[in-house]
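The lines below spell out each chain.
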Number of protein chains: 2
Amino acid sequence: MILSTDSYKGVRDFYPEDQVIQNYIFNTWKKVAESWGFVEYNASTLEPLELYKSKTSEEIVNEQLYSFKDKGDRDVVLRPEMTPTVARMIAAKYNEVSFPARWYSIPNLFRYEKPQRGRLREHWQLNIDIFGSASPYADAETIMLASDIMKKFGAKDEDYEIRINSRSLMDMLYKELGIPEEKSKTVSRIIDKKDKISPDAFKETLENEIGDISNKLIAILQSKEGVFEQISSSAETEYFSQVVSILEKAGIQNLKFTPTLTRGFDYYTGVVFELFDTNPENPRSIFGGGRYDNLIEDLFGKKVSAVGFGWGDVTTRDFLGTHSLLPKLSSTTEVWLAVAPETNMDEVYRLGNELRNKGIKIGIDISGKKLGDQIAGAEKRKILFVMVVGRNELESKNYKIKNLASGEEKSGNLDEVIKLI
Amino acid sequence: MILSTDSYKGVRDFYPEDQVIQNYIFNTWKKVAESWGFVEYNASTLEPLELYKSKTSEEIVNEQLYSFKDKGDRDVVLRPEMTPTVARMIAAKYNEVSFPARWYSIPNLFRYEKPQRGRLREHWQLNIDIFGSASPYADAETIMLASDIMKKFGAKDEDYEIRINSRSLMDMLYKELGIPEEKSKTVSRIIDKKDKISPDAFKETLENEIGDISNKLIAILQSKEGVFEQISSSAETEYFSQVVSILEKAGIQNLKFTPTLTRGFDYYTGVVFELFDTNPENPRSIFGGGRYDNLIEDLFGKKVSAVGFGWGDVTTRDFLGTHSLLPKLSSTTEVWLAVAPETNMDEVYRLGNELRNKGIKIGIDISGKKLGDQIAGAEKRKILFVMVVGRNELESKNYKIKNLASGEEKSGNLDEVIKLI
């Protein structure tokens, strides 16, 4: 029986030409994260189900979780997000970790969703977190880092805005307006969906929950001034202003206080933020994060404050594509050795070793095809340089390298020709 | 309720100090693979169940497969090996791929096994494959590349041996001895288990299958000469000798013809090989591979020859540990900025940007702890350099960097002090 060559629904195959783009994104993330002193961690794709039952959003747990029973009757999950995993790891080595700890990872995550633009069943995500610091510099640093990554991707300030809000400010506002405390999470979740539903539906859902207060709340949410007029100054308002001030001093221009921003996850406790594409044709969230000071204590009984974000590869790829920021990427193979007829292959392999020892990434053509076809093959593989090797070259040790893009050539001994690369 | 901080059974958490080792292994694999012209691909962890039903070993499919039904009633598998996936990808773009194609990947793989030394439920594996070449140079190149990786890990020739055999030679031998063709796969599987069972049990199992011929077969399998005396020379024997000769000419000393080597997977058709630790206290297989010319045609109806191997991280880590080959690895963070009391943090962040722009990976201490504790924290994080920043340093722009391992110090402006790194 001949099988289908389709992948599982909603996931991707990364052919070498796709993986080059993926690696460009991952390497940019990695480089910037490490330049800010973040160290890499990782964990298994599999986690116990119980990890997600209390704190991950209900929508994910009830509708989108990949869970199953293993052969030992354990409830296992393909992780839908990384935060519970890293919270578990921090709690497990609470006495050994040096706080504040700056950690990053690029895990793949799974959600059973209807595949659509920006959403797939498996995606990769940069996770950036600072554990064990209650300083506003920790919140600000995660946003500075994100902004640095955007710069490294070539994005300009006007290409995106950083929307910022605070869960604790919103809780103060709800209290001020007389919204019962047990309603605050539900109200936050409704506000989070504001842009996804019609104004009327939004108003109605909110009214069902909190009655007449909804009118006042909707009016207040229109502006920064509206919010700050309602709540009296306190440690929370002071903290939020400090984060904003640190970011402004660091030259971050595109910050936008957005009272309707609440983020989906229940575990956020303080500052929340989201990067948003400003392209009117693609007004989408690229990623977001925030402070979650209670999660580790709630789940594992260890008090560790935390702030961080998760940044997905799919929305990143869409953003880079929309703004024409994807660089022209060639193969990781630098030089293709095209082999003339009747050349001793053992000698070609010896030459290959010499080039590798000089730090050059080479591929040897073992197809036995005509030289012209071998060179065309190098072009098709997006390899930039080609070197024809035959008996003459091997005897004289005089070689020629050609840049297939520019047509430039260089002849001479090995050390001379590799200068072209 | 407080949750357990244990990971799922049989998988690993990679704390930063573990991930550094993992990255050392992955980067060595990556660098060598790319220097031989292999290009990276990847795919989802999830695959349709049908991909494994016919060709993956029965033991894996029946006992070790992580499979479940998704919410859409599809049979899904967490891939137990990468070969069926890459075969699927090659077949799907059969008309677009440039053959011969040298592809590599470092996927994580899942098997429901009893966790023990060298075996876990999730492991990572370097997969190296050449598609679309029937040349003995393709077989030889995968072994040369493996040997190059061992060198880069610092292994000496005497630390391991490369056992080599050929499935087609063995099939000829079986035929010569009168073993029925339909028995050949079973016989191969029994021979593959030879070293895992007692000589008596081996003899008995083989006898049950092929009767008296088993005695003769066991005698022949003792030596290379025994095998080659039985079979007449042919294209198969010639091919095998060529592979061996290419490897010997390339200076590979530790090759050992091993007629009992057959490898577990049913899909191998030609040369098979295995790297074996020669340490008498740890006489284990590190990894293996071989030629599988029929798999892509059998599964997907496209005729593509193939040769490759899969090399796991767990056995590699054990090997490097056993032979004291794990390098002393420090943090990816190069310089820790310890901050004196009453220093303007915005200025420290500005200095951090300057250092990052010069390509230095830095972390800023935001703990507010005493300077001595901040420096101790850098040591605990395995960061090599520390730089104390206070009002004096920021005003005078005169800095001091200290190497925490050697005690060496350097003072001067930023460009001068970073020369120490």
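Structure: above.
Residues numbered from 1 in each chain as written. Chains lettered and ligands numbered in written order. Predicted model: local features only at pLDDT ≥ 70, side-chain atom pairs only at ≥ 80, totals over all residues.

## Some details on the overall build of chain A
Part 1 of the reasoning: Helix and strand content of chain A: 17 helices and 17 strands.
Part 2 of the reasoning: Dimensions of chain A, computed from C-alpha atoms along their principal axes, come out at roughly 90 × 55 × 50 Å.
Part 3 of the reasoning: Looking at the 421 residues of chain A, the share that counts as buried comes to 44%.
Part 4 of the reasoning: Considering only residue pairs separated by 6 or more positions, chain A has 68% of its internal contacts joining residues 24 or more positions apart. (Helix = DSSP H or I, 4+ residues; strand = E, 2+ residues; numbered from the N terminus. Buried ≥ 20, exposed ≤ 12 C-beta atoms within 10 Å, placed from the backbone. Contact = placed C-beta atoms within 7 Å.)

## Some thoughts on the sheet that holds strand β14 (residues 362-364) of chain A
Residues and elements named next belong to chain A.
Part 1 of the reasoning: Here five strands make up an open sheet; going across it, the order is β14-β13-β15-β16-β17 and the pairing mixed. Every interior strand has two partners, whereas the edge strands, β14 and β17 (409-412), have only one. Direction aside, the axes of adjacent strands within the sheet are offset by 20° on average.
Part 2 of the reasoning: The pairing of strand β15 (residues 385-389) with strand β16 (residues 399-403) spans three bridges and is antiparallel. The residue of β16 that forms the bridge with Met387 is Ile401.
Part 3 of the reasoning: Strand contacts of helix α14 (residues 345-357): β13 (335-339), β14 and β15, with the helix running at about 175° to β14, the strand carrying the most contacts.
Part 4 of the reasoning: This element, helix α15 (residues 371-380), spans β13 and β15 of the sheet and lies at about 165° to β13. (Pairing = 2+ DSSP bridges. Axes fitted to C-alpha atoms, helices over the stretch in contact; angles between N-to-C directions.)

## Let's talk about the sheet that holds strand β4 (residues 75-78) of chain B
Residue and element names in this part refer to chain B.
Part 1 of the reasoning: Pairing in this open sheet of three strands is antiparallel, and the strands run β2-β4-β3 from one edge to the other. Single-partner strands in this sheet number two, and they are β2 (46-48) and β3 (66-69). Between one strand axis and the next, the sheet turns by 35° as a mean value, whatever way the strands run.
Part 2 of the reasoning: Pairing geometry for β2 and β4, over three bridges, is antiparallel.

## Side note on the relation of the copies chain A and chain B
Part 1 of the reasoning: Its rotation angle being 180°, the transformation that places chain A on chain B also includes 0.0 Å of axial translation and leaves an RMSD of 0.0 Å. Those values place the two copies in the arrangement expected of a two-fold rotation axis. Residue Phe68(A), judged by its C-alpha, is the member of chain A lying nearest the rotation axis, at 3.2 Å.
Part 2 of the reasoning: A share of 100% of interface residues in chain A that are also interface residues in chain B marks the association as one of identical surfaces. (Least-squares fit on C-alpha atoms with pLDDT ≥ 70 in both.)

## Comments concerning helix α5 (residues 136-152) of chain A
Part 1 of the reasoning: Along its 17 residues, α5(A) runs 24 Å from first to last C-alpha, staying within 8% of the 24 Å computed at 1.5 Å per residue.
Part 2 of the reasoning: Following α5(A) by one or two positions, Gly154(A) has its phi on the positive side, about 90°. (Expected span 1.5 Å × (residues − 1).)

## Details of unusual backbone geometry
Leave glycine aside and you will find that most residues have negative phi; peptide bonds, for their part, are mostly trans.
All names here are of chain A.
Part 1 of the reasoning: Geometrically, the link from Phe99 to Pro100 is a cis peptide bond, its omega value of -10° lying close to zero.
Part 2 of the reasoning: Along the chain, the position of Pro100 falls in the loop between α4 (83-92) and β5 (101-105).
Part 3 of the reasoning: Notably, Glu342 is not glycine yet its phi reads approximately 55°, a positive angle.
Part 4 of the reasoning: As for its placement among the helices and strands, Glu342 is situated in the loop between β13 and α14.
Part 5 of the reasoning: Using a count of 7 C-beta atoms within 10 Å as the deciding quantity, one classes Glu342 as exposed.

## With respect to the packing of helix α5 (residues 136-152) of chain B against helix α11 (residues 235-249) of chain B
Residue and element names in this part refer to chain B.
Part 1 of the reasoning: Where α5 contacts α11, the axes come no closer than 9 Å and their chain directions differ by 40°. Classified by the angle their axes make, α5 and α11 are oblique. The chirality of how α5 crosses α11 is right-handed. Residues Pro136, Tyr137, Asp139, Ala140, Ile143 and Met144 of α5 form the contact with α11, whose participating residues are Tyr239, Gln242, Val243, Ile246 and Leu247. (Parallel < 35°, antiparallel > 145°, perpendicular 65-115°, else oblique. Left-handed = near helix turned anticlockwise from the far one by under 90°.)

## A few points about the interface of chain A and chain B
Part 1 of the reasoning: Each partner contributes residues to the interface: chain A has 70 residues there, and chain B has 70 residues.
Part 2 of the reasoning: The element that contributes the greatest number of residues to the side of chain A that touches chain B is helix α1 (residues 16-35) of chain A, accounting for five residues.
Part 3 of the reasoning: Looking at the side of chain A that touches chain B, its residues break down into 32 nonpolar, 20 polar and 18 charged. (Nonpolar A, V, L, I, M, F, W, Y, C, P; charged D, E, K, R; others polar.)

## Quick notes on the environment of Leu355(A)
All names here are of chain A.
Part 1 of the reasoning: Tracing the backbone through its elements, the reader meets Leu355 in helix α14.
Part 2 of the reasoning: Classification of Leu355 as buried rests on a count of 22 C-beta atoms within 10 Å.
Part 3 of the reasoning: A C-alpha to C-alpha distance of 9.3 Å links Leu355 and Val335, two positions 20 residues apart in sequence.
Part 4 of the reasoning: Beyond its immediate sequence surroundings of up to four residues, Leu355 is in contact with Val335, Ile360 and Ile362.

## A few points about the environment of Val307(A)
Residues and elements named next belong to chain A.
Part 1 of the reasoning: Examined against the element boundaries, Val307 turns out to sit in strand β12 (residues 306-312).
Part 2 of the reasoning: According to the C-beta neighbour criterion, Val307 is buried, with 31 such atoms within 10 Å.
Part 3 of the reasoning: Val307 sits 178 residues away from Asp129 along the chain, and the two C-alpha atoms are 5.6 Å apart.
Part 4 of the reasoning: With sequence-adjacent residues up to four places away left out, Val307 is seen in contact with Ile130, Ala138, Asp139, Thr142, Gly290 and Arg291.

## Brief notes about the pairing of strand β17 (residues 409-412) of chain B
Strand residues, when the strand is regular, have side chains that alternate between the two faces of the sheet.
All names here are of chain B.
Part 1 of the reasoning: Two strands pair when backbone bridges link them, and strand β16 (residues 399-403) and β17 are joined in this way by four bridges, in the antiparallel orientation. Directly across from Lys400, in β17, lies its bridge partner Ser411.
Part 2 of the reasoning: The turn joining β16 and β17, which pair antiparallel and follow one another in sequence, is formed by five residues; a positive phi near 85° is taken by Gly407.

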